[in-house]
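These are the residues of each chain, in order.
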Amino acid sequence: MAEAEDRIIKINIEDEMKSAYIDYSMSVIVSRALPDVRDGFKPVHRRILYGMSELGNTSNKPHKKSARIVGEVLGKYHPHGDSSVYFAMVRMAQEWSMRYMLVDGQGNMGSVDGDSPAAMRYTEARLSRLAEEMLKDIDKETVDFQLNFDDTLKEPTVLPTRIPNLLVNGASGIAVGMATNMAPHNMTEAINATIAYIEDKDIEIEGLMEHIKAPDFPSGGFIYGYQGVKDAFETGRGRVIMRGRAEIEMEGNHEKIVVTEIPYLVNKAELIKHIADLVGEKRLDGISNVNDESDRQGMRIVVDVKRDANANVVLNKLYKLTALQSSFSVNNIALVKGRPRTLNLKDMISAFVEHRIDVVIRRTNFDLRKAEERAHILEGLIIASDNIDEVIAIIRASKSPQEAIETLMERFSLSDLQARAIVEMRLRQLTGLEQDKLHNEYDEVQKLIAYLKEILENEELRMTVIKNELIEVRDKYGDKRRTEIVYASEELNPEDFYSNDEMIITVSHLGYIKRTPLSEFRAQNRGGVGAKGSETRNEDFIEHIYPASMHNYILLFTQKGRCYWLRVFDIPEGTKNSKGRAIQNLLNIESDDKATAFIRVRGFGDKEYINTHYLVFCTKQGVIKKTSLEAYSRPRQNGVNAITIREDDKVIEVLMTDGDSEILIANRNGRAIRFHESEVREMGRTATGVRGMRIDEDGEDEVVGMLAMSKEAQKTETIMVVSEQGYGKRTNLNDKDEEGNEILDENGNIVPVYRITSRGGKGVKTMNITDKTGKLVSINSVTDDNDLMIINKSGITIRLKVSDIRTMGRATQGVRLINLGKRNDEIASVCKVESEPEDEDINDIDLDLSDDSNDDNTTDTNNFEVTE
C-alpha cells in the first residue's frame, strides 16, 4: 500500500489545467489553424497538395477520385477526419472561394448558393498548374522535411512556393485565443509589389501600395472606401467594405436592379431569401419581385422595382439592409518562425522574399553538388576514352568487375565512382561521336558549375534569379483585377453634402480644371470672367468655360476614346485667379492619353432630354459616330469605352447636338464637307463609327476639326479657318446679303456657300492651300464677339480679335493673320475664346444655368488674356 502511495504524485489541478490547455492551444495554433507566412498554408492544405504530388496526380495526368486522394492524405500525413481533408480540398477547387484555384476539380464541387459538394466517391480532382509552381524544386532539398505521425514517412514543413500565396489567396482560421482572416489579392499586383521590395528593401508601405492597390476578391464587386484597406496594409488590421455590382436597367416602363457580382463569401441563395423576407416584413418598399436568373454565363439576380419607386433609393436600401454590402475584417495573423504574429503588407512580402532566398540557395547548392558529381564522373570517362585500348585490356585481363575497378583506380589515379562508371560504360560510347558528346557535356557542366557558384557568391545575381522567376509566374498566371475600388465613399448620397449652388467650370488648354462660385465673379465690376492675373502658366490659357450647378456632370472624352464623368462637386474649388488641378490627377486616365473634349450635362434623371440629345464623335482619320446621350448616362468610376478607336487614330472632337444640326468636317488639305447629322445613323456606345470624310491618301492628310451648326448658329456664326503659315479667313456657311441676311433662291431655299452633300465624300475647298499658306490647322465657328488664341509650335501664344478678320469667299487663301517668316515657325493649334469685356458686369455674359443650350458647342466663353 505504501508503494502504491509512493507512485501517486500530488499536483495542483489549477496548474495542471493551465499547462495542459496551453499545450493544446499551442498545438492548435501551430499545427492546425494558422497559416505559415512563407507558403500561406495550414498543414492540411500543404499535406493535400504534397500527397497529390506524390500520387502523380498532376495537371497533365487524368483526374483521380477524390476518395483516393483523401485516403492517401489521411493514411500518410493527416490523421484527422476524412471530411476535414475533403472539404479543404474542395475549397481549393472553388472559383468563388479561391482567387487562384490550386486544385482542378471535376464533378459537383458545391456552389455559391451554399450547396454541399457531392460525396468524395463521385468527384475527381488533380493539381492545378499553379499548384505545381508551389511544389516546384521540392525534390532538390529546398525545404526541411519532418517525420509523419507514425514516423514511417517524411513530409515537408513548408512548400518551396514561387508565389506569394498568403497574399494572393489569403487565409482564415480560428485558433485558441486568436484568429486569422486574410484577404486575397491580385497576383500581378502582389508580384509587382514583391519585385519593388526586391529592388528597394527600404521601400515604405505607401510605395508598395502603388503596386498592390487593395484586396482582389474572387467574386469581384467593389471595395467601397479606402481607409480600411490602408489600415490593413499598414497595421495588419482593418475593415474593408465590399459591395456587389448592381446596374439599374429599364424594362418597358419600370426599372429593375440587376446584380451580377456579390461580395466575397456571401451566400447567393441566402441573400435572395433575405431580400424576399425584408419585402414580406414591409421593411423594404418598392420591390415587386426578386428572381435568380444565374446561368453558365454568370450571376444575374434581378430585383424588379415598382413603377412608382426610385431604383436608386431601393438599391441604397439593399446596400444598407442586406449582405449586398458586407465588410471583410482583415486580421493578418500568421506563423513567423513558428510563432503567431500580426503582419503588415511589408512584413508579409519580406517574409516571402526571405523564404525564396533560402529556397534558391538550397536549390543552387543541390544543383551544384549534382553538377560537380557529374563533372567528376565525366572526367573519369574522358580519361578512359583517351586511353580506351589500355582500359579494354585491363578489363579483359581482370577476373572480376571489382578487380577491374581496383586496377583502373591504381593505373589512372581514379576514384571508386569514376572507375565504376568506366567499367559500366556501354560499348556504343567508344564511337567518335559519343566521345565528342562527353567533351561537350563536360564543358556545359563546367559552365553550369561556374554559374551556380556565382549565384551563391553574388547576392545581386541571386535576387535577379528570384525576380526573373517571379516575372515568369506573373506573365504565366497573372490577370486583371476583378474587384473595383471606389476611393471616395460616403454612407449617404454625396449630393446631400452639397447645396446646388451655381458655379463656373474652367478648363485650361493644358488640361487644368477648377470650379469657382458664380458669386465670386458677380462681386467684380470690371474685367469679367477670369480677370487678368490668373496663375495659369504663360503658355497656358483658359479654353473652356461652362456655367454649371453643383449637381451637374461634366463628361470628359479622351483621344483614345474613353469617357469619364466628373460631378461638379468633385472638381476642386479654386479662386478665379488660381490654376486649378490637372485632370490626369482627378481621373484614372492612362499616362499616354489626354482629355480632348468636354460636355456639360444637367444630369441624367431627365429621360426625355438624354434620349433626344446625341454625342457626335470625330476622329483624326475622318471617322464620325453619333450615339444617344443615354448611352453615356451611367457613370462608372474608371470610365468606359466611348468609341472603339483604331491604332493609328484618335478622337479630336466630341459635340452634343439636338438631332437637327449640320456637321462640318475639315481636313489638312483645305477641304470641308457639310452634311446633315441625320446622314449618320445612331450607333451603340462601343461602335467604331462610319466614314464622315474621305481623307487624301498622301500619308499626311488628316481631319483638323468638326463643327455642329444648329439653325440658329448658321444665322449668326461664320466659319473661321487658319493655316500653318499664319493665313486665315472667315466664310459664311450660307450666302448672305450686305445686311447679313441669308439669300434665298427662287424656290425659297437658302443658298449654301458650303454645299450640302452626303457623308463620306471628299468635300469642297474651304481654303486655297498653297506653299505660301501651308496646310490647314483648324476650323472654328466664330462671331465678332470671339477672339482667337493661336499657339505656335515654338510655344508662343498670340491673341487676335475675330472682328478684325473680314469675311471672304470659300475658295480664297485668306489674309495673313500673323507674320511667321522671320521666326521659321508654324501654327500648331487655334482655339476660339470669348472677347474680354471692357466695362461690363458678369451679367452681360451668357451664363444661362437653367438649361443646356450651350451644350451644342463644347467651346464656350473665355476671358483670359495671354500675351507673347
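Residues numbered from 1 in each chain as written. Predicted model: local features only at pLDDT ≥ 70, side-chain atom pairs only at ≥ 80, totals over all residues. Heavy atoms only, no water.

## Re the sheet that holds strand β11 (residues 254-261)
Here's step 1: One open sheet accounts for four strands, arranged β10-β11-β13-β12; its pairing is antiparallel. Of all strands in the sheet, those with a lone pairing partner are β10 (245-251) and β12 (287-292), marking the two edges. Pairs of neighbouring strands in the sheet enclose a mean axial angle of 20°, with direction left out of account.
Here's step 2: By the bridge criterion, four bridges tie β11 to strand β13 (residues 301-305) in an arrangement that is antiparallel. Of the residues in β13, the one forming a bridge with K256 is D304.
Here's step 3: Sheet strands in contact with helix α11 (residues 268-280) are β12 and β13, and its direction is about 165° off that of β12. (Pairing = 2+ DSSP bridges. Helix = DSSP H or I, 4+ residues; strand = E, 2+ residues; numbered from the N terminus. Axes fitted to C-alpha atoms, helices over the stretch in contact; angles between N-to-C directions. Contact = heavy atoms within 4.5 Å.)

## Some details on a nonpolar patch on the surface
Here's step 1: A contiguous nonpolar patch, built from I22, M26 and V30 and spanning about 240 Å² of accessible area, is present on the exposed surface.
Here's step 2: Take I22: it is sitting in helix α2 (residues 13-33). (Patch = residues over 30% accessible without salt bridge, like charges linked within 9 Å, V, L, I, M, F, W, Y side chains within 5 Å. Areas by Shrake-Rupley, 256 points an atom, 1.4 Å probe, with all protein chains shown as cover. Salt bridge = Lys/Arg side-chain N within 4 Å of Asp/Glu carboxyl O.)

## Description of unusual backbone geometry
Here's step 1: The phi dihedral of E141 falls on the positive side, at around 55°, and the residue is not glycine.
Here's step 2: Considering the arrangement of structural elements, one finds E141 in the loop between α6 (129-135) and β4 (145-147).
Here's step 3: For E141, a relative accessible area of 41% translates into the label partly exposed.
Here's step 4: One non-glycine residue with positive phi stands out, namely K337, at about 55°.
Here's step 5: Mapped onto the elements, K337 comes out in the loop between β15 (333-336) and β16 (339-342).
Here's step 6: On the basis of relative accessibility, which here comes to 78%, the residue K337 falls in the exposed class. (Buried < 20%, exposed > 50% of the residue type's maximum accessible area, 1.4 Å probe, protein only.)

## A few points about α11
Here's step 1: A rise of 1.5 Å per residue sets the reference length of α11, with its 13 residues, at 18 Å; its end C-alpha atoms lie 19 Å apart and thus fit the reference within 8%.
Here's step 2: Turning to α11, its buried residues number three or more, namely K268, L271, I272, I275 and L278. Viewed end-on, α11 has its buried residues packed into an arc of 125°, placing them on one side of the element. More than 90 degrees from the buried face of α11, the exposed residues found are E270, K273 and G280.
Here's step 3: Elements that come into contact with the buried residues of α11 comprise β12, β13 and α12 (311-321).
Here's step 4: The opening residue of α11, the one whose side-chain oxygen lies 3.0 Å from the backbone nitrogen of A269, is N267.
Here's step 5: In the stretch just after α11, K282 is the one whose phi turns positive, near 60°. (Expected span 1.5 Å × (residues − 1). Arc of directions from axis to C-beta. Polar contact = N/O pair within 3.5 Å; in protein donor to acceptor, adjacent residues only side chain to side chain.)

## Focus on the packing of aromatic side chains
Here's step 1: All told, the structure shown has 12 aromatic pairs when counted by the stated rule.
Here's step 2: On the basis of an interplanar angle of 65° and a centroid distance of 6.0 Å, the ring pair of Y50 and F145 is categorised as edge-to-face. Here F145 lies in strand β4 and Y50 lies in helix α3 (residues 43-54), a separation of 95 residues in the sequence.
Here's step 3: On the basis of relative accessibility, which here comes to 8%, the residue Y50 falls in the buried class. (Phe/Tyr/Trp six-rings, centres within 6.5 Å; stacked < 30°, edge-to-face > 60°.)

## Looking at the pairing of strand β7 (residues 179-182)
Here's step 1: Every second residue of β7 is oriented toward a common face, the buried set being T180 and M182 and the non-buried set A179 and N181.
Here's step 2: Bridge count for strand β6 (residues 171-174) against β7 is four bridges, and the pairing is antiparallel. Directly across from G173, in β7, lies its bridge partner T180.

## A closer look at the domain arrangement of the protein
Here's step 1: Each assigned domain of the protein is listed here: domain 1 (23-199), domain 2 (245-323), domain 3 (362-457) and domain 4 (509-522 + 538-585 + 599-834).
Here's step 2: Here domain 2 and domain 3 have C-alpha centroids that lie 74 Å from each other. (Domains from an automatic or database assignment.)

## Things to note about the layout of surface pockets
Here's step 1: Of the volumes computed, that of the second largest pocket is approximately 1,200 Å³.
Here's step 2: Around the second largest pocket, the lining comprises 48 residues; the ones closest to its centre are H509, E543, T596, I652 and S829.
Here's step 3: Going through the elements one at a time, β18 (502-508), β20 (542-549), α20 (583-586), β24 (595-601), β28 (651-657), β32 (703-709), β36 (776-782) and β40 (827-834) are the ones with two or more residues in the lining of the second largest pocket. (1 Å grid on protein atoms, 1.4 Å probe; cavity = no way out; pocket = protein on both sides within 12 Å on 5 of 7 lines; lining within 4 Å. Points joined across faces, edges and corners; volume = space filled by probe spheres on them.)

## Some words on the pairing of β28
Here's step 1: Taking burial as the measure, the seven residues of β28 include six buried ones, the bulk of the element.
Here's step 2: Here strand β25 (residues 614-619) runs beside β28; their pairing, made up of six bridges, is antiparallel. Looking at β28, one finds that F617 is bridged to V654.

## Here's the deal with the sheet that holds strand β3 (residues 124-127)
Here's step 1: Taken together, three strands build an open sheet; the order of strands is β1-β3-β2 and the sheet is antiparallel. Of all the strands in the sheet, the pair left with one neighbour each is β1 (64-65) and β2 (103-106).
Here's step 2: With two bridges joining them, β1 and β3 adopt antiparallel strand pairing. If you follow K65 over to β3, its bridge partner there is E124.

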